[in-house]
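# Structural description and commentary
What follows is each chain in one-letter form.
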Amino acid sequence: MEERKMADKSMDGLNSFTAVAENTVDTTKKLRVGIIGCGWIAASHIKAYLNQPDVELVAGCDLIPGKAAAFFEKYGVEGVKTDYASHKEMLDDESLKLDAVSICTYNRQHAAPAIYALNKGINVLLEKPFTVTLDEAVEVMKAEKASGKILSIGFQPRLDANMKMIKKIVDSGELGKIYYIQTGGGRRRGIPTPYGTTFIEEDTAGIGALGDIGCYSLDMVLNAIGYPKPLTVSGYKSAFFGTDPNYCGYRADKRAEYAKKFGVDDFAAAFVRLEGGIVLDFRIAWAMNMDTPGDTIILGTKGGLRIPSTECWNGTVGGPMKIYHEVCGQQVETEIPIIKMKEGLFDLKIRTFLDAIKNGGTAPVPSSQIIINQAIIDGIAKSAESGKEVEITIPEV
């Protein structure tokens with residue numbers, strides 16, 4: 001047995017900074033893991049897996065011939081089987097005896113391998129966004145339910161101690177009844193094309209900023225308030241920057257090509273009504289003529305919480321949070337200092353997934369919550385396309 005300290009550093013109280021969780025990793029039982037999709041996000045997965053003492057990486061596949069082999073060679077991992085033409089070929093290979101897979105494909109290829117893996121009785125860590133559409137997410141959940149295996153969605157910002165603090169503040173009752181939330185994030189020039197065009201083409205991405213970073217923003221606040229079901233949404237999306245051949249964020253020699261291929265949103269906004277009389281004012285951007293679309297604000301009947309935005313949104317807290325409330329009839333502000341994490345969020349994402357498998361636990365980021373996140377994203381897209389408010393209905397699984 002090998003001992004490993006996990007630096008949770010979450011607070012027992014609002015002003016306590018001493019909580020550190022200890023976790024013991026049983027190295028006598030190694031989990032056999034494969035990676036589906038060997039692009040840039042897979043690099044974060046393999047680095048985190050290599051930090052775990054109870055993992056054996058045994059297989060990988062990618063649609064581009066030779067890419068998987070080169071990927072594992074780059075990270076010095078030997079003995080990995082990669083001669084597969086598809087995820088089905090890899091998952092059908094019973095000699096691998098896979099315990100789990102990370103699915104790191106482009107958005108439109110999230111659902112198919114997740115369903116196939118679950119049907120094979122293999123645990124799944126699925127990168128965000130959950131899927132492109134609500135219908136796809138429902139089909140993945142059906143496979144999860146039938147398999148009885150772990151399906152965790154890749155929302156590592158939730159594991160940040162500062163994100164946990166947001167939920168602790170809400171759960172403490174310090175804010176009273178929550179009735180309004182403003183959230184979102186953005187980048188002044190941040191359309192993700194350094195690794196090609198899979199993030200911006202309709203055929204591969206399906207959704208843009210809305211699903212790429214919008215899902216993080218939604219999770220930050222929805223998780224804090226217990227993921228109430230959405231009722232209606234009035235949404236908007238645009239692509240003014242992505243389709244502009246003069247967009248300065250593109251490589252100079254690729255501007256015309258990228259602008260022509262751009263087929264998703266680079267900005268989205270919505271007004272969402274949630275159960276419990278809560279309204280959610282949301283906006284997200286890959287590109288805009290502003291440094292930030294504003295801080296996240298959670299308003300309650302007893303207090304309000306301001307969560308500072310970041311200049312380049314990636315699912316983090318931009319600085320110390322503040323609670324605006326009254327004490328003895330006086331208006332006061334309470335600052336919540338930033339909690340410094342010792343453990344990397346990707347390491348935590350992988351570790352909590354592995355622990356759930358080994359200990360028979362529940363998914364660290366369960367589909368039962370992220371289906372609500374996906375339903376809102378789906379509703380925003382449908383409302384934007386129809387030009388009117390739409391009702392949101394989430395099928396029972």
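Structural notes, computed from the coordinates. (Residues numbered from 1 in each chain as written. Predicted model: local features only at pLDDT ≥ 70, side-chain atom pairs only at ≥ 80, totals over all residues. Heavy atoms only, no water.)

On to unusual backbone geometry. For the bond running from Lys128 to Pro129, omega is -10 degrees, close enough to zero to count as cis. For Pro129, the location among the structural elements is in the loop between β6 (123-127) and α5 (134-147). In this model, Lys97 sits at a positive phi of 50 degrees, which is unusual for a non-glycine residue. (Helix = DSSP H or I, 4+ residues; strand = E, 2+ residues; numbered from the N terminus.)

Within the largest apolar cluster, 94 residues are counted, with the highest numbers of intra-cluster contacts made by Met90, Val101, Phe130, Ile166 and Ile298. Once residues lying within four places of it in the same chain are set aside, the contact partners of Ile298 are Ile166, Val170, Leu175, Ile178, Tyr180, Ile181, Val221, Gly303, Gly304, Leu305 and Ile307. One finds Val33, Ala48, Leu57 and Ile357 within the second-largest nonpolar core, a separate group that totals 27 residues. (Core = buried A, V, L, I, M, F, W, Y, C linked by side-chain atoms within 4.5 Å. Buried < 20%, exposed > 50% of the residue type's maximum accessible area, 1.4 Å probe, protein only. Contact = heavy atoms within 4.5 Å.)

A few words on the sheet that holds strand β4 (residues 55-61). Read across the open sheet, the 5 strands follow the order β4-β3-β5-β6-β7; overall the sheet is parallel. Unpaired on one side and paired on the other, β4 and β7 (151-154) mark the two borders of the sheet. Sheet twist, expressed as the mean angle between neighbouring strand axes with direction ignored, is 20 degrees. Bridge analysis of strand β3 (residues 31-36) against strand β5 (residues 100-103) gives 4 bridges, and the strand direction is parallel. Looking at β5, one finds that Ile35 is bridged to Ser102. Running at roughly 170 degrees to β6, helix α4 (residues 111-119) makes contact with β3, β5, β6 and β7 of the sheet. (Pairing = 2+ DSSP bridges. Axes fitted to C-alpha atoms, helices over the stretch in contact; angles between N-to-C directions.)

This part is about the packing of α4 against α5. When two helices pack together, their arrangement is given by the angle between their axes and by how far apart the axes lie. It is at 8 Å that the axes of α4 and α5 come closest, and there the two elements cross at 10 degrees. Taken together, the axes of α4 and α5 lie roughly parallel to each other. Between α4, through Ala111, Ala114, Ile115, Leu118 and Asn119, and α5, the contact on the second element is made entirely by Glu136, Glu139, Val140, Ala143, Glu144 and Ser147. Of the residues in the contact of α4 with α5, the class split is 6 nonpolar, 2 polar and 3 charged. (Parallel < 35°, antiparallel > 145°, perpendicular 65-115°, else oblique. Nonpolar A, V, L, I, M, F, W, Y, C, P; charged D, E, K, R; others polar.)

Tallying each qualifying case throughout the model produces 9 aromatic pairs. Centroid distance Trp40 to Tyr195: 5.4 Å. Interplanar angle 10 degrees. Geometry classified as stacked. With Trp40 in helix α1 (residues 40-50) and Tyr195 in the loop between β8 (178-186) and α7 (209-212), this pair connects stretches of sequence that are 155 residues apart. Residue class for Trp40 comes out partly exposed when judged on its relative accessible area of 39%. (Phe/Tyr/Trp six-rings, centres within 6.5 Å; stacked < 30°, edge-to-face > 60°.)

Shape is all these values report; function is a separate question.
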